[in-house]
Each structure stands twice: as structure tokens, then as C-alpha cells.
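Coordinates in review
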Amino acid sequence: MSTEKVYPVPAEVASRALIDEAKYKEMYKRSIEDPEGFWAEQANEFMTWFKPFGKVMDYDLKKGHIRFFEGGKTNVSYNCLDRHLETRGDQTAIIFEGDDPNVDAKITYRELHEQVSRLGSAMRDLGIKKGERVCIYMPMIPEAAVAMLACARIGAIHSVVFGGFSPDALKDRIQDSECCAVITADFGKRGGKSVPLRANVDKALASCPSVRNVITVKHVGEEIPWVDGRDVWYHEITAAASADCPPEEMDSEDPLFILYTSGSTGKPKGVLHSTGGYNLFTAITHKYIFDYQEGDVYWCTADVGWVTGHSYIVYGPLTNGATTLMFEGVPSYPDVSRFWQVIDKHQVTIFYTAPTAIRAVMGQGNGPVEKTSRKSLRLLGTVGEPINPEAWEWYYHIVGEERCPIVDTWWQTETGGILITPLPGATALKPGSATLPFFGVNPKVLDTEGKEIDGPCEGILAFDTPWPSMMRTVYGDHDRFISTYFATYPGYYFCGDGCRRDEDGYYWITGRVDDVINVSGHRMGTAEVESALVLHEAVAEAAVVGYPHDIKGQGIYAYVTLMTGVEGTDELKKELNKLVRSEIGPIASLDVIQFAPGLPKTRSGKIMRRILRKIAASEVDALGDTSTLADPSVVSDLIDHCPVLK
Ligand code: 6R9
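Definitions and cut-offs
- Along every chain, residues carry numbers that run from 1 in the direction the sequence is written.
- Side-chain atom pairs in this predicted model are given and counted only at pLDDT of 80 or more, local residue features only at pLDDT of at least 70, and totals for whole chains, interfaces and linings cover all residues.
- As a rule here, side-chain values cover all heavy atoms of the structure and leave hydrogens and water aside.
- UniProt positions are given in the numbering used here, feature names are shortened, and annotations may be inferred rather than shown by experiment.
- One heavy atom within 4 Å of a molecule or strand makes the whole residue count as near it.
- Per-residue accessibility takes into account occlusion by the displayed protein chains alone, with areas from the Shrake-Rupley method and a 1.4 Å probe.
- Put simply, DSSP H or I for four residues or longer makes a helix, DSSP E for two residues or longer makes a strand, and each gets a number counted from the N terminus.
- Amino acids are sorted into nonpolar (Ala, Val, Leu, Ile, Met, Phe, Trp, Tyr, Cys and Pro), charged (Asp, Glu, Lys and Arg) and polar (every other residue, Gly among them).
- Buriedness for pockets is judged along seven lines, at least five of which must meet protein on both sides within 12 Å for an open set on the 1 Å grid over protein atoms alone, while cavities are sets there where a 1.4 Å probe fits but cannot get out, and lining residues have an atom within 4 Å of a point.
- Grid points are joined across faces, edges and corners, and a volume is the space filled by probe spheres set on the points.
- Start and end positions for the domains come from either an automated domain assignment or a database one.
- In this analysis, axes come from line fits to C-alpha atoms, helices being fitted only over the stretch in contact, and the angle between any two N-to-C directions falls in the range 0 to 180 degrees.
- Any angle that falls under 35 degrees is termed roughly parallel, while one over 145 is termed roughly antiparallel, one within 65 to 115 roughly perpendicular, and all others oblique.
- Each crossing gets its hand from how the near helix is turned against the far one by less than a right angle, where anticlockwise is left-handed and clockwise is right-handed.
- It only takes one pair of heavy atoms within 4.5 Å for two residues to be counted as in contact.

The protein chain has the name Acetyl-coenzyme A synthetase in an unreviewed UniProt entry, where Magnetofaba australis IT-1 is given as its organism. Regarding the protein chain, the relevant UniProt record gives this comment under Catalytic activity (unreviewed entry): "acetate + ATP + CoA = acetyl-CoA + AMP + diphosphate". Here the protein chain is described in UniProt, under the heading Cofactor (unreviewed entry), as follows: "Mg(2+)".

As C-alpha cells, then:
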């Protein structure tokens, strides 16, 4: 993975960037030595407070207790909208680029403020109160951002569920946080195909008694069924509601949103983020990491259903008064030049995407890129999974024409914002390394016993101090928050990733050390996929692992033991795949299914996933110690029948 290649900061980039190397070092030192002073200053620079905060930070990681800016009153939607009206009311806030290349729109800060206020008023008219939960299940259209901001405005806690999730997955999430309303659209559009969002909502709501109202955006315009008393049209209620919607005064620690994410065990966790710290950290990271300056056109290709969409399409950019682009489509529609065509069309200067998208378009050769100009670009970014140096180099040389630094940003749903990353004007780049910590972030590397290791080393990435946008709890289950993140290495936040620190102090993320797999940048617990598989009556047992996949980063490999007497046919494979897709969603499509008469187990009955991972990765010469296996012959049978073994 590693390469010793170093790309120094070009002099012209350093001179025009907001932060150069000397400034990074000075600010970083201050942020670690005097975090309270540092964060207090930044909180007053980046946000408007209705009432000043008292204590800057207060924490006890062993108890999962994290507080920033307590007593301070603010409102995230006010920071994203109202305070910009005087200076940039007519500036474009959101550029919308539709799935259909002929559809686009520009929304100014004044228009966005009005739309958010109208929806906020309409939600108040429906009786939605501060602290209630509202589920947002939307395509990538501006109304998704409007819905998030309207919730923030009235103090309702939003829970955005990715539009690619199935009705079942949606139901689980609505039930877990007892949402009182759902905001959705009739249909979404992706790659020319319609996605039946509203029909999915109707299926989910068959068992969600907490939901009083469904607000539907008419996006595609085809017929949908109607439930009287429950359903309202977005365009009707916003037209009827007041454009004056005073923002709720929120305490810094009042919750802003819940976002579900997969862990290594059990059902997805509702990661809870609060107001002040999250707002500050997304704004400061957006500004300095993407070197955002007046006139920039910024495009993050994530979906608002993921944390990247929350922090770096909506909250960070809008707090900074930026112009942020929302793209409804996919990189391959109508053809594989789409990303670069959109960049030329809207003169995008900063482009932030995922390694999986880079690898997919890279696989089509240089032609589709080179036929576009991309002259407007000055900075590139990546997120979601480790980027292999080959894809990094292609992104740098072909897409960015060696002119644009790449920020490889490491972070998680739980961290709320970027923690390890280069700053374009300050950090020499090494392809494949997320490089150095952001201000106020102090990474530690632990050995398996939990002891800190100094200097160049490899181990587990952990943190013993909080940053403002750290998650505050698992919604409704604080014990799970502690047991998942703080019990493994007491006193540390355990993020689940391994890393290497090199002689320059650069961090290289080596991937998950738990049973979480990362498919095209989407996190999935192997346990979730296994639970879906065993729902099938023909399945006795299933074990799921990730394996290296050229485009997705990791693919899903399922070992399935069938009930006695059942035959493993291709038909059954199709059924199993369909089942998993309907339980979780199309992102959980199985790449390989191997029917296995037995799984490798220890004498105490634990499945040895290490061995399954090695077989799936075609590393059968490196199985390691198999002496604890109850029945070693199982392994040779698996190897003999492995469909992908090279
Ligand atoms: C923002 C986001 C988090 C997991 C994380 C890690 C992987 C994200 C990465 C990266 C290497 C990067 N990850 N960015 N690995 N280099 N630049 O993706 O959040 O969906 O919660 O995933 O993704 O394994 O632990 P989330």
C-alpha cells in the first residue's frame, strides 16, 4: 500500500491558501496546548451566538460524557442562512444539477432562507415540536437540504435515511427513534431510473404508529396513493405557511440530528450529534481543508443520506456562506464523462468524491476525462475508504492535471467532521496517506493491549481527548455508546480503524479492525447481512466477510450453510441475494455466495472469520494458526470449492 513518493506543496498554492505550513504548525500547537482558548475563539469567529456560552469543554470519556459551549444559545439554520442575508442574499447558495443533464437550478441564500422558513412554519402548523424526531427519506434534490435546515430551525431532530435503503431498513430506523413525521418525495431519479421513495415509505409505515404525517415533494410527478389525514403535499403546505419562522433558541448541547450507522454487532446505531460543537467543527474544517474562498464553487458528490452529505454538502458549506452543488445523478449517466461535464458546466473549483467513484471512472480509461476541460478545478478531495496509490495518482495526474492538491480526509459518522487530513497550502502529500491531524485533534496509536506506542509504528487508532463534533451518544442507548466506543480501551475513543504512523508523523489508515466492511464507501456490519441471510428457510448458518474488490474497495462474500437436504442451486443464490437486498437495500448486494457444508469453528463454536477472510482474499498460503479448529477438514473443502480463488 505505502509509497515513499512525496508531493511538496507548490509555492503558488502555499501563497494563496488560507493556511500555510507555518500557520498550521502554530495553530495546531495552540489547539493542543490550550484547547479551551482555541475553541472559544473559533466558536465566536465561525458562528453567531444568541447568548454567549459558559464552559468551553467538559468531558469524561470513560462515561461517554462530552460537552462543548454549554449554556450558549444558537441555531444552526440561523448560522447557515439568516446571518448571510445582508451580505450575500443574492449569492447562489445551492446549485442543483439533476439526474437529467437538462435539468438544473440555482437557489440564492434569500430564496433558501424563505423556503426553509416556510417549511419550518408548516411543520410547526402540523404540530411538530422541538425535540421531536423527523425522518427525511429523499432524493438528492434541494428540498432535502431545505428539510434538514427546517428541522434545525424549529429544533426538531432530523434522521435522514439514505434513499437507497429498503422499506424494512427504513422502518427499523423510524421505529428506533419514534419519528413523528416523514419528509419524502413521490419518486427519486438515478441514472434515468425512477426510485419509488413514497411507495417505500408507505410499506415502512405499516408498522410505525409514531408517524402522524407524511410530507411529500412532487418531484417526478407520477401518481401516488394518498392517505387522508396523514398525507400533505410539500408544495401546498409551504405555499400556505408563513415565510416568517423565528428560529428556535437552541442550547449548544441540544441534539441536531440522528444518523444511523452500521457497527460490528446488532442493529444499526443512531449516532446523535448536537448543535454548537457540530456546527463549529463542520464549518472550520470545511473552510480550511477545502481552502474555501469567496467565489469558489464547491461540489461534494456524497448523498445527504450519509454523514459526508450532512457535514460537507449542507452544514459546513452553508455556515461559511459557500456555493454548494447538489447532484442528483450518478457518475456514469448519461455517460462516464458526467462528473467532468458538470465541473465544466458549473465551473466547479473544489471537487470532493470517494475512491470507489474514482476507481469506477478510472476503469473507463482517460478518454472520457480528457475530452473535458476541468480548467476551473483547483482542489480535489477524497473520503470514505483508503485510497490506493494507483487511484490517487490517476486522480492527481489525469483529473487534476498535476495542478490540484488532493485532500485525503479521514473521518467517520461518529466524528461528525474530518479529523486527519492534509491542508492544501500546508501539507506535503503522500499518495495513500491521510497525512496529519486537524486542529484540536490528537491521535494516539495503541497496541492490542491498549498501551500507547510512540514514533513510527502500527496499531489501533484512538483518541483520548474530544473535538467539538464528536458524537454525544447512541440515541436511546447510552450504555451501548460506552460499550462500543469507550470500553475496549478505557479512557480512549476507539474508532475501529487500524493505522500506521510513519517517520514524518503521517497517518496511513489500514482499514477496519472489527467486523465492519466498507463497500463502495458504505459501511456495513457483517452481522446485519448474516441476519438477513438466515431469515431464508433454506439457510442454516451464514458467515459474511469483505474481500478485495477492484472498484468497490471491498466486496461482500457470503459463506452459506444450507439446511440438510437442500441443494445449493444458482436459483437459490438469486433468491438469497434478493432477500438481502430487500432487507437492507441494493448497497448490500452479495458479490460471491459460496455454499459451504461446514464453517471453520473453534472448539467453543466461534466462527473463525480470519480464515474465511483469507480464503475470500485468495491468500490460502497465509491462513495462520489453524490448530484451534474443531474440524480442520472444513477448511480444505472451502478452499476446493472457492469460486474466486486465483
Ligand atoms: C466519512 C465516512 C467511516 C469509515 C472509517 C474508515 C473509512 C473514511 C477514510 C477511510 C481511509 C479515508 N474511511 N474515510 N479510510 N481513508 N480517507 O466515510 O464515514 O460512513 O461512518 O465511514 O470509513 O474505515 O472508520 P462512515
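There is more to say after this.
A closer look at the site of the ligand
With respect to spatial proximity, 17 residues lie near the ligand, and among them Asp408, Thr409, Thr413, Asp497 and Arg523 are the closest. Notes on the ligand: free accessible area 530 Å², of which the protein chains cover 96%. Looking at the shell around the ligand, the elements with two or more residues in it are helix 12 (307-319) and strand 26 (507-512). Along the lines of polarity and charge, the residues of the shell around the ligand split into six nonpolar, six polar and five charged.

Quick look at the layout of surface pockets
Volume-wise, the second largest pocket comes out at about 330 Å³. Where the lining of the second largest pocket is concerned, the elements lending two or more residues are helix 8 (167-176) and helix 18 (526-533). If one sorts the elements of the lining of the second largest pocket by residue count, helix 8 sits on top with five residues. For the lining of the second largest pocket, the class distribution of residues is seven nonpolar, two polar and seven charged. Counting the residues that make up the lining of the second largest pocket, at least three belong to each of domain 1 (11-500) and domain 2 (520-641).

Brief notes about the packing of helix 7 (residues 142-154) against helix 12
The N-to-C vectors of helix 7 and helix 12 enclose an angle of 60 degrees; their axes lie 11 Å apart at closest approach. By the angle between their axes, helix 7 is oblique relative to helix 12. The handedness of the crossing between helix 7 and helix 12 comes out as right-handed. Within the contact between the two elements, helix 7 uses Ala145, Met148, Leu149 and Ala152 and helix 12 uses His310, Val314, Tyr315 and Leu318. Tallied by class, the residues present in the contact of helix 7 with helix 12 amount to seven nonpolar, one polar and no charged.

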